[in-house]
Amino acid sequence: MGGASAPPRGPVGRAERAAAGPGLVRAVPAPAGPAPGPRSRPLPKIAQGGVGTAMARQPAKTLWYDRPRYVYLEFCVEDSTDVKVVIEDQRLVFSCKNADGVEFYNEINLYARVNSKDSREKRSDRSITCFMRKWKEKVAWPRITKENIKPAWLSVDFDNWRDWEGDEEVERAMVEQYAEMLERVTDKGPPPAMDDLDFATRVVSCQAAELRPEGGGEPVRGFQVVLEDTILFPEGGGQPDDRGLIGDVPVLRVTRRGPEAVHFVPAALEPGAEVLLSLDWERRFDHMQQHSGQHLITAIAEQMFGFKTTSWELGRQRSLIELDTPSMTAEQVKALEKSVNEKIRDRVPVTVRELAADDPEIERVRSRGLPDDHVGPVRVVDIEGIDSNMCCGTHVSNLSDLQVIKLLGVEKGKKNKTNLIFLVGNRVLKSVEQSHSTEKALTSLLKNGPGEHVEAVKRLQSSVKLLQKNNLNLLRDIAVLIARDFKSKPAPRQLFVLHRKEGDSEFMNIIANEIGTEETLLFLTVGDEKEAGLFLLAGPAEAVENLGPRVAELLGGKGAGKRDRFQGKAAKMSRRGEVEALLQEFISHRSPEVPGRP
């Protein structure tokens, strides 16, 4: 659910893909010499043969596969070395050697344009496979090359080929097909995530600025940087901003200023300089899961019960949706959770489209309105057959990427509304892991099984209450005995001072009541001797009114009193000796002065 529906300038949504790649990818410094253009890379140098003689090179046998979103090329060279691959928008160049030192070289002018920034290669012991993302998805390629005459070394792997154009089932089967193909390629780990790509851009401006930390505190000094393009999402539409690196400089905040994304960094960057921008993918993918999950929950809640969403919040630990209903029953929460997880298992596609601001289709799209400074087309996120929502945020490309949704329950919201608490995807897994760790710890402490934990804790609570009651009775008895011992002395002193680690306000007041405050001045404290605690000053009203605030000041605390009692909290119990000296002086001279004062 989004407020701003047109993203800031730059391909912010380019990394909105399902596969979770590595975390924060470090930028790779650019090579020395002239920088390559934004859509081109230098061609690889062809490896040479033995000393003084260049071995004859030959094309590698190549298989290709067509899919709705990708074109795959598999170069069949076993035990390859010196592998070099250049993928450009309209061309691919490949070279390598095999174990015998034979050189292979293939150059292909592609049938249609690919997204070179979003394409990668993967090497195995048996072959090298290139994954090229189409610029125009769901458009079939009748051949891999621009030339009608097919090279002898290039062929289609008919065992894996499928004429998918117009086939509605292919989108659902795409994940399985992709996994099967990768299994053929290698068994050494997952495929490239397509999200660990550095993004080349240029610094437009850099200005000194300050950033106020989210948790409060002193402002952080740094710089606001605007880039020509960006892959970092600025906060908006209920979604927090991305994190990443510009070169080696961390990006601490990304905000929107009109059509621009403003990056706050701790170090200055030179305007005009070319830089590599990298993304904290783990944070981005988490936000994608929570945001797409919110769209799904919102749509189904309205379809099932007529509950409209009035706002939502993507929190650090959990997220909430504010529903326009005074209450929601446990049965409704359970039914909603079941329905949204069924949609996830159905693998419903999630797509993004742009509409002109005056397009009548906008009237049929769910929205909270456009921001006042919006210009350009309107961005719409569609969950096929379920929801269309005006949104600027980042999302998964298929509901299956949400993995699972857990509704934690509801709580009373503002203005007669209900807050629905939820977790999506990896947050559910983390929550289960934390719960399991807690369960294991309780099992060890309580010496029983998880099913008995609640009853065991109830028994412990009852025992603790009984012990606290007995302890309180004992403290009362001790207080009475202390007071009687003081009163039994043949010549009672004018000042009574006592400190006890265990005790409370009632303990001190019992002593004061038993001794009496008409003639004796009492200074009583409880708590740790060197840390915080409680104090009570009791005695003749005139003395207490005069001394009470001074005692609180010496103890670094606060208090209040009435007539013959002044009590409060003390932060510096270690200064009890100074208080006792003040009281002794008062008794001796009846004109007390706080030590250290003129």
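The model shown is predicted, which means the values in this text are computed figures rather than measured ones.

**Q** Tell me about the overall build of the protein chain, and name the residues and values.
**A** On a plain count of helices and strands, the protein chain comes out with eight helices and 28 strands. A total of 598 residues make up the protein chain; the buried ones form 44% of that total. Here the protein chain displays about 31,500 Å² of accessible surface, and carbon together with sulfur accounts for 51% of that area.

**Q** Describe the packing of helix 2 (residues 281–305) against helix 4 (residues 426–446), with residues and values.
**A** In contact at an axis separation of 9 Å, helix 2 and helix 4 are set at 100° when each is read in the N-to-C sense. Here helix 4 runs roughly perpendicular to helix 2, going by the angle between their axes. Judged by residue contacts, Glu282, Phe285, Asp286, Gln289 and Gln290 of helix 2 engage Asn426, Arg427 and Lys430 from helix 4. Its residues placed into classes, the contact of helix 2 with helix 4 shows one nonpolar, three polar and four charged.

**Q** Mind laying out the environment of Asn419, listing which residues take part and the relevant values?
**A** With respect to the helices, strands and loops of the structure, Asn419 is situated in strand 23 (residues 418–424). When the C-alpha positions of Asn419 and Ser327 are compared, they lie 9.1 Å apart, and in sequence the two are 92 residues distant. The contacts of Asn419, once residues within four sequence positions are left out, are Leu320, Ile321, Glu322, Gly409, Val410, Glu411, Lys412 and Gly413.

**Q** Outline the nonpolar core, listing residues and values.
**A** Judged by nonpolar contacts, the single largest core of 48 residues is most densely connected at Leu296, Ile297, Leu336 and Ile405. A per-element tally of this core places helix 2 first, with eight residues. The residues contacting Leu336, other than those within four sequence positions of it, are Ile297, Ile300, Ala301, Met304, Phe305, Met328, Leu407 and Leu420. One finds Leu73, Val85, Cys96 and Leu110 within the second-largest nonpolar core, a separate group that totals 23 residues.

**Q** Can you tell me about the confidence of the model for the protein chain, naming the residues and giving the values?
**A** When pLDDT is averaged along the protein chain, the result is 82; 81% of the residues meet or exceed 70. When the criterion is pLDDT under 50, residues 181–196 qualifies, and its contacts beyond four places in sequence or with other chains add up to 45 contacts. Confidence drops under pLDDT 50 across residues 591–598; counting only partners more than four residues distant or on other chains, this segment forms 16 contacts.

**Q** Could you give an account of the sheet that holds strand 26 (residues 533–538), with specific residues and numbers?
**A** As summarised here, the arrangement of the five strands in space is 24-25-26-28-27, forming an open sheet in which the pairing is mixed. Each end of this open sheet is capped by a strand with a single partner; those strands are strand 24 (495–500) and strand 27 (558–562). Strand-to-strand, the axes of this sheet are offset by a mean angle of 10°, without reference to chain direction. One ladder, built from six bridges, connects strand 24 with strand 25 (residues 521–527); its direction is parallel. When the sheet's bridge partners are listed, Arg500 is paired in strand 25 with Val526.

**Q** Any details on helix 2? Residues and values, ideally.
**A** Across its 25 residues, helix 2 extends 35 Å between first and last C-alpha, which sits within 8% of the 36 Å expected from 1.5 Å per residue. Taken across its 25 residues, helix 2 has 19 buried, putting it largely inside the fold. Among the residues of helix 2, the N-terminal cap falls to Asp280, whose side-chain oxygen and the backbone nitrogen of Glu282 are separated by 3.4 Å. Two residues or fewer after helix 2 comes Gly306, characterised by a positive phi angle close to 80°.

**Q** Before we move on, can you summarise the pairing of strand 7 (residues 114–123) with the specific residues and values?
**A** Bridge count for strand 7 against strand 8 (residues 128–134) is six bridges, and the pairing is antiparallel. Counted as the bridge partner of Arg120 is Phe131 from strand 8.

**Q** Lay out the pattern of salt bridges with the relevant residues and their values.
**A** Tallying each qualifying case throughout the model produces 26 salt bridges. Here Lys417 makes a salt bridge to Glu322, at a shortest N to O gap of 3.9 Å. Here Glu322 lies in strand 18 (residues 319–323) and Lys417 lies in the loop between strand 22 (405–412) and strand 23, a separation of 95 residues in the sequence. Residue Lys417 is classed as buried on the basis of its relative accessible area, which comes to 18%. Sharing partners across several salt bridges, the network here consists of Arg69, Asp118, Arg133 and Glu137.

**Q** Explain unusual backbone geometry residue by residue, including any values.
**A** The backbone of Arg347 shows a phi angle near 55°, a positive value even though the residue is not glycine. Residue class for Arg347 comes out partly exposed when judged on its relative accessible area of 30%. Look at Asn416: it is not a glycine, yet its phi comes out positive at around 65°. Position of Asn416 among the secondary structure elements: in the loop between strand 22 and strand 23. Note on Asn416: relative accessible area 49%, which makes it partly exposed.

**Q** Residue-level account of the packing of helix 2 against helix 3 (residues 330–345), with values.
**A** At a minimum axis separation of 10 Å, helix 2 and helix 3 run at an interaxial angle of 125°. As judged from the angle between their axes, helix 2 and helix 3 are oblique. Viewed along their axes, helix 2 and helix 3 form a crossing whose handedness is right-handed. The segment helix 2 lies against helix 3, with Leu296, Ile297, Ile300, Ala301, Met304 and Phe305 engaging Gln332, Ala335, Leu336, Ser339, Val340, Lys343 and Ile344.

**Q** Pulling in residues and values, what's your account of the pairing of strand 18?
**A** Put simply, side chains in a regular strand alternate between the two faces of the sheet. Burial analysis of strand 18 places five of its five residues in the buried class, which makes it a mostly covered element. Of the two faces of strand 18, the one lined by Ser319, Ile321 and Leu323 and the one lined by Leu320 and Glu322 are each fully buried. Between strand 17 (residues 309–314) and strand 18, which follow one another and run antiparallel, lie four residues. Bridging between strand 18 and strand 23 involves five bridges; their strand directions are antiparallel.

**Q** So, the environment of Asn471: which residues are in play, and what are the values?
**A** With respect to the helices and strands, the residue Asn471 is situated in helix 5 (residues 453–487). When its relative accessible area of 42% is taken as the criterion, Asn471 is described as partly exposed.

Conventions adopted
Residues numbered from 1 in each chain as written. Predicted model: local features only at pLDDT ≥ 70, side-chain atom pairs only at ≥ 80, totals over all residues. Heavy atoms only, no water. Helix = DSSP H or I, 4+ residues; strand = E, 2+ residues; numbered from the N terminus. Buried < 20%, exposed > 50% of the residue type's maximum accessible area, 1.4 Å probe, protein only. Areas by Shrake-Rupley, 256 points an atom, 1.4 Å probe, with all protein chains shown as cover. Axes fitted to C-alpha atoms, helices over the stretch in contact; angles between N-to-C directions. Parallel < 35°, antiparallel > 145°, perpendicular 65-115°, else oblique. Contact = heavy atoms within 4.5 Å. Nonpolar A, V, L, I, M, F, W, Y, C, P; charged D, E, K, R; others polar. Core = buried A, V, L, I, M, F, W, Y, C linked by side-chain atoms within 4.5 Å. pLDDT = per-residue confidence, 0-100. Pairing = 2+ DSSP bridges. Expected span 1.5 Å × (residues − 1). Polar contact = N/O pair within 3.5 Å; in protein donor to acceptor, adjacent residues only side chain to side chain. Salt bridge = Lys/Arg side-chain N within 4 Å of Asp/Glu carboxyl O. Left-handed = near helix turned anticlockwise from the far one by under 90°.

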